[in-house]
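# Notes for the structure review
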Amino acid sequence: QREGEADMRYFVDARTGKVLDKWNVIKTTAAAGVGQTLFLGDVGITTNSISGGYQMVDPTRGGGNTRDGLGKEISRVYTTAAIMTDADNNWGNNAESSVASEASDAHFGVATTWDFYQSVFGRNGIYNDGVGVKSIVNVTFRSGGPATGGNAAWYGAPNKFMAYGLGTSSWYPVVAIDVAGHEMTHGVTEATAGLAYSNDAGGLNESSSDIMGTMVEFFANNAADTPDYMIGEKIYRSNPTGKTALRYMFLPGAADGNRSYNCYPAGGLTGVDPHYSSGPGNHFFYLLAEGAVNPTGFSYTPSQLVCNGDTGVAGIGRDAAQRIYYRALTVYFTSNETYPQARAHTLQAATDLYGAGSAQYNAVARAWSAVNVN
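Below you will find a few notes about this structure. Remember, it's a predicted structure, so these values are computed and weren't measured experimentally. (Residues numbered from 1 in each chain as written. Predicted model: local features only at pLDDT ≥ 70, side-chain atom pairs only at ≥ 80, totals over all residues. Heavy atoms only, no water.)

### Observations concerning the overall build of the protein chain
- Check the secondary structure of the protein chain and you find nine helices and 15 strands.
- A globule of 374 residues ought to have a C-alpha radius of gyration of about 21 Å, and the protein chain, at 21 Å, matches this closely.
- Principal-axis analysis of the C-alpha atoms places the extent of the protein chain at approximately 65 × 60 × 40 Å.
- A total of 374 residues make up the protein chain; the buried ones form 54% of that total.
- Of the contacts made within the protein chain by residues no fewer than 6 positions apart, 62% connect residues no fewer than 24 positions apart.
- Of the accessible surface of the protein chain, which amounts to about 15100 Å², a share of 48% is contributed by carbon and sulfur atoms.
- Across the protein chain, the centroid of the 24 positively charged side chains sits 5 Å from that of the 33 negatively charged ones. (Helix = DSSP H or I, 4+ residues; strand = E, 2+ residues; numbered from the N terminus. Rg over C-alpha atoms; globule rule 2.2 N^0.38 Å. Buried < 20%, exposed > 50% of the residue type's maximum accessible area, 1.4 Å probe, protein only. Contact = heavy atoms within 4.5 Å. Areas by Shrake-Rupley, 256 points an atom, 1.4 Å probe, with all protein chains shown as cover. Lys, Arg positive; Asp, Glu negative; His and termini not counted. Charge placed at Lys NZ, Arg CZ, Asp CG, Glu CD.)

### What to know about the pattern of salt bridges
- Within the structure shown, the criterion is met by nine salt bridges.
- The shortest N-O distance in the salt bridge between Arg 15 and Asp 13 comes to 3.8 Å.
- Here Arg 61 makes a salt bridge to Asp 115, at a shortest N to O gap of 2.8 Å. Pair noted here: Arg 61 is in the loop between β6 (57-58) and β7 (64-68) and Asp 115 is in helix α2 (residues 99-121), with a separation of 54 residues, a long-range link.
- A relative accessible area of 24% places Asp 115 in the partly exposed class.
- Three or more residues joined by partner-sharing salt bridges are found here, namely Asp 58, Arg 61 and Asp 115. (Salt bridge = Lys/Arg side-chain N within 4 Å of Asp/Glu carboxyl O.)

### What to know about empty space enclosed by the protein
- Evaluation of the coordinates by the stated rule reveals two cavities of 30 Å³ or more.
- By volume, the largest cavity is sized at about 80 Å³.
- Lining the largest cavity, in full, are Asp 58, Arg 61, Gly 64, Asn 65, Thr 66, His 107, Val 110, Ala 111, Trp 114, Gly 132, Val 133 and Ser 135.
- Elements that contribute at least two residues to the lining of the largest cavity include exactly β7 and α2.
- In terms of residue count, the dominant contributor to the lining of the largest cavity is α2 (four residues).
- Of the pockets and cavities examined, the second largest cavity occupies roughly 30 Å³.
- Lining of the second largest cavity is provided by Val 110, Trp 114, Ile 126, Val 131, Gly 132, Val 133 and Met 184.
- Taken together, the residues of the lining of the second largest cavity sort by class into six nonpolar, one polar and no charged. (1 Å grid on protein atoms, 1.4 Å probe; cavity = no way out; pocket = protein on both sides within 12 Å on 5 of 7 lines; lining within 4 Å. Points joined across faces, edges and corners; volume = space filled by probe spheres on them. Nonpolar A, V, L, I, M, F, W, Y, C, P; charged D, E, K, R; others polar.)

### Things to note about the state of the cysteines
- Within this structure, the stated rule accounts for one disulfide.
- The disulfide bridge from Cys 263 ends at Cys 307, spanning 2.0 Å between sulfur atoms. With the S-S dihedral at roughly -90 degrees, the linkage between Cys 263 and Cys 307 falls on the left-handed side. With a gap of 44 residues between them, Cys 263 in the loop between β15 (247-248) and α5 (274-277) and Cys 307 in the loop between α6 (279-290) and α7 (318-332) connect regions that are remote in the sequence.
- By relative accessible area, which is 25% here, Cys 263 ends up partly exposed. (Disulfide = S-S within 2.5 Å.)

### A word on unusual backbone geometry
- Of note, the bond from Ala 157 into Pro 158 is cis; its omega dihedral lies within 30 degrees of zero at 5 degrees.
- Within the element layout of this structure, Pro 158 appears in the loop between β12 (152-155) and β13 (161-165).
- Of note in the backbone geometry, Asn 138 takes a positive phi value of approximately 65 degrees without being a glycine.
- Among the secondary structure elements, Asn 138 is positioned in strand β11 (residues 134-139).
- The buried category is assigned to Asn 138, whose relative accessible area is 12%.
- Unlike most non-glycine residues, Asn 372 shows phi in positive territory, near 70 degrees.

In structure tokens, the structure reads:
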């Protein structure tokens, strides 16, 4: 296969079809570049040294690479967008006037998501195969109506790439780090649980991406984008209070006019947009990690943060919460997972990691009950 930075040679046993050996005949040299991003200030990025300059290819993370979609609709460029190059390994100018700025956010976001999954869970890339994915920035999307730059999306197998919209009059280019972590987690979900995109499973699919995208933001811990439990708050051109966001995990309906569900309804979430049926899962995770505690900058009471009056829900911390959730997602969730099944499966994951009846196990049960998943 050849994908810009790879030209592989395979040696195959003609009788069994087994791959006996393989190597890439293109030799890469990792270089330390500087990305002058839109959202994170100046950050270190890994690039590839080539004759006469540098490519936005990361040899240390499976050859993942970042490309310029030239402002075109994604279906027109996803197979042809060229890898970005630069003469001095300083990418962008912290402003939209240089596409390399938003490309730096995307390239750094991919690297951070890779490092998060590898260092926390031992996962070697999105598909756990050591292969990086490509990112295409500066594109638009079309779904029925006119093309829009106000989206970001994961395109799964066989193409396996990220696309980032060029923005709108109200949104910056959609390259915030929690968005990157969110979208790439769709790839992890695709490779593991295979959650459907409807009913409860659809909500859990979106929730898994919100949860892990948020954990990527905490993992990055960048002072220019203080970690929080809001999704996508950095992409708004006008956000003077910092509280406008696509979603809140701590009280999902408060972010979007109560379209998102704070609490799990009797009878499940049939026919609900997954971005709104994700609410109970997001809410559960916040309560598991942090407890019924008002997030910084807000003024919610503990009773507003739970569905069942149990204001004593206490958090077990982000690390234990993310480990339990990841194990449930990758080991136990099935494609048509319901929220009650997710409760049972996260309890099983907590048992595996911390023991039946442990504080972590009991906290999982209590947090689910606090969002009416019993």
